[in-house]
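Here is what each chain is made of, one letter per residue.
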Amino acid sequence: MNSPKTRAALVASTALLVASGAVPNVAAAPLPGHDRTSVALAWYDTTADAIATTGSSLPQISNSRTWAISWIAAARALQHVPSEVDRRDYQDAALAAAVHRALVELVPTRAPEVDAALQRTLDQIPDGPAESLGVAAGEHQALEVLHDREGDGLDAASVNAPFTVPPAAPGVWQPTPPAFAPAIQNGSRFARPFMLKSGSQFRLPAPPALTSKRYQADLKEVRDFGELNSTVRTAQQTDTANFWFDSSLALWTKPIRVALAATSHQPLLKQAELVALANAALVDTQIATSDSKYTYPLWRPVTAIQTGIGETPADPSWTPLHTTPAHPDYPSGHNTYAGATEAVLTGLVGPRTAPFTLTSVTAPGVVRTYTAWHQLTLENTDARVWLGIHTRLADEAGVKLGTDVARYVLNHAQSLFQEH
C-alpha cells in the first residue's frame, strides 16, 4: 500500500489524467475478497461521527451543509469510470477520497480520524491505476464543490444574522421565557440554496387569523396538552414529546442510514446520490423554513397563552413542557425536516422499511421501533404540540413545506450531479 506521502504525490500526478480523460492502458485489477466493507456505509458513519463530535456548536443547517457538500462531491466523482480499470476499485477510492477531502476541509479538528478512515478504505483496494485515478477524481470533485459553495451564507455568523424584533402586538413574535434570547436562524433565509431558485420559492401562505376557529382550537390544544404539569397529557405522549425534542439532524441520521443500507444492492453511485439528495434537500428546506418563519413572525404559543387572545384567556403562569426555541412559530422547523426527509426516502426507497430502532438523548432509556418513514413524521407533528412549543397548524405547514422542497429536489436531481 502506498504511504500517505506517496499517495499525495499520486493524486497530484494523476489529476491531469483525470481532467483530460487519458487513462493508462492496463488490465483491470482483480477484485479482492467479497468481505470488503461497504464503502458507502463506512463513509456515512465517518461523516456522522465527525459531525456529531464537532457540530454541537454550529447551527443545524451548517452541519447539513457539510453532509451535502461531502456527498455531492462523492456522487459526482462516481459519474464516470475510466476504461481499463476495475470499476469497484475506482469507485470505492473515489467516494472515500471525495468525502475525506470535504470533511478534512470542513471539520479540520477531525482530520486524524478521517485520515485513518481513508487509509482503511484504501487498504482494501489493490494498488494501481484504479485506486490512484479514483482518489484523484474524488479529490478533484470535493475541491470543486467546496469552491462552488464558498460564501453561500451557511456559516454560523450568517445563519444567525441579527433580527430586529418588531414592536409587541397580538400575534407578533417576541423573545420567549425564561431566557428571552434573541432570535436565531434569521439569516438562513438569505443563504444560497443547493437546488431551489430562491428561499422563497415555496413560501407558505400566511397563517390563519388569531381569532379564527383553527388558530383558537390549536392554541387550546397546546395549552391543555403542552403545559409543564398537564393533567391530560399521557405518559406515552410525554415520552414522545421528550424523544423528539432532540435535534432533527441527530434523529434523522439513522433513518437515512437505514435507507442507505436498503440500497446496498444498487450501484454505489445510487447510494451516494441518496445521501447527497437527502442532505441537499434538508439544507434547502431549512433555508425555506427561515424564509416563511421571518416573513410571518408569528408569536409562540407561550406568548399567546400568557398574553391571551380571542377565546383563550390570559394565563401569565403557563409554562410549556420544554423551553421554547428562539424563533417564530410558523412553520415548525422539526416538521419541515421530517416532511423533507420522508419525501426523499419514500421517493428513493419506498414508504416502508425493515424494522429499525431509534433512541434520543432527550429521552434517556426510551427505544422506539419504526417500519415506515411516515411514522416519524406523525410523531414529530404530535411532539411539538405536546412539548408546548408549536401549534399543530405550524407543524402541518412545516410538513407541507419540507415535502414541497424535497419533491422539487428529486425532480431536478440530475442538475445536482453535473460534474465540474
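Residues numbered from 1 in each chain as written. Predicted model: local features only at pLDDT ≥ 70, side-chain atom pairs only at ≥ 80, totals over all residues. Heavy atoms only, no water.

**A closer look at the overall build of the chain**
A tally of helices and strands in the chain yields 16 helices and two strands. For 420 residues, the compact-globule estimate of 2.2 N^0.38 gives 22 Å, and the chain sits close to it at 23 Å. Each principal axis of the C-alpha distribution contributes one length, and for the chain these read about 80 × 40 × 35 Å. For the chain, the residues scored as buried account for 56% of the 420 residues in total. For the chain, restricting intrachain contacts to residue pairs at least 6 apart in sequence, the fraction spanning at least 24 positions comes to 83%. Put simply, the chain shows about 17,000 Å² of open surface, and 57% of that area lies on carbon and sulfur atoms. Taking the average location of the 31 positive side-chain charges in the chain and that of its 38 negative ones, the two points are 4 Å from each other. (Helix = DSSP H or I, 4+ residues; strand = E, 2+ residues; numbered from the N terminus. Rg over C-alpha atoms; globule rule 2.2 N^0.38 Å. Buried < 20%, exposed > 50% of the residue type's maximum accessible area, 1.4 Å probe, protein only. Contact = heavy atoms within 4.5 Å. Areas by Shrake-Rupley, 256 points an atom, 1.4 Å probe, with all protein chains shown as cover. Lys, Arg positive; Asp, Glu negative; His and termini not counted. Charge placed at Lys NZ, Arg CZ, Asp CG, Glu CD.)

**Details of the packing of aromatic side chains**
Per the stated rule, a full pass over the model turns up 10 aromatic pairs. Consider the rings of Phe-356 and Tyr-370, whose centres lie 5.8 Å apart with planes at 35°: the pair is tilted. In this pair, Phe-356 is assigned in strand E1 (residues 352–358) and Tyr-370 in strand E2 (residues 368–372), connecting sequence segments 14 residues apart. Considered together, Phe-356 and Tyr-370 belong to a single accessibility category, that of buried residues. Between Phe-356 and Trp-373, the ring centres sit 5.9 Å apart and the planes meet at 40°, which makes this aromatic pair tilted. Remark: Trp-373 occurs in helix H14 (residues 373–386) and Phe-356 occurs in strand E1; sequence separation between them is 17 residues. (Phe/Tyr/Trp six-rings, centres within 6.5 Å; stacked < 30°, edge-to-face > 60°.)

**Topic: the packing of helix H10 (residues 248–262) against H14**
H14 packs onto H10 with a crossing angle of 165° between their chain directions and a minimal axis gap of 11 Å. In terms of orientation, H10 lies roughly antiparallel with respect to H14. Between H10 and H14 lies a crossing whose hand is left-handed. Facing H10, whose interface residues are Trp-252, Pro-255, Val-258 and Ala-259, H14 presents Trp-373, Leu-376, Thr-377 and Asn-380. The class makeup of the residues in the contact of H10 with H14 is six nonpolar, two polar and no charged. (Axes fitted to C-alpha atoms, helices over the stretch in contact; angles between N-to-C directions. Parallel < 35°, antiparallel > 145°, perpendicular 65-115°, else oblique. Left-handed = near helix turned anticlockwise from the far one by under 90°. Nonpolar A, V, L, I, M, F, W, Y, C, P; charged D, E, K, R; others polar.)

**Some remarks on the nonpolar core**
Residues Trp-43, Trp-71, Leu-95, Phe-194, Tyr-215 and Trp-244 are the most contacted members of the largest nonpolar core, which totals 118 residues. The biggest single contributor to this core is helix H11 (residues 268–295), with 14 residues. (Core = buried A, V, L, I, M, F, W, Y, C linked by side-chain atoms within 4.5 Å.)

**Some words on the side chain of Thr-263**
Tracing the sequence through the fold places Thr-263 in the loop between H10 and H11. Excluding its chain neighbours within four sequence positions, the residues that come into contact with Thr-263 are Gln-271, Leu-274 and Val-349.

**Considerations on unusual backbone geometry**
Here Pro-177 and Pro-178 are connected by a cis peptide whose omega angle stands at 5°. Note on placement: Pro-178 falls in the loop between helix H7 (156–159) and helix H8 (213–225). Of note, the bond from Tyr-330 into Pro-331 is cis; its omega dihedral lies within 30 degrees of zero at 0°. When you line up the elements, Pro-331 lands in the loop between helix H12 (301–307) and helix H13 (333–349). Of note in this structure, Glu-84 is not a glycine but carries a positive phi near 70°.

**Notes on the UniProt feature "domain: Phosphatidic acid phosphatase type 2/haloperoxidase" (unreviewed entry) in the chain**
UniProt tags residues 280–408 as "domain: Phosphatidic acid phosphatase type 2/haloperoxidase" (unreviewed entry). When the span residues 280–408 is considered, its composition is 55% helix and 9% strand, and the gap between its end C-alpha atoms is 11 Å. (UniProt positions renumbered as here; feature names shortened; annotations may be inferred.)

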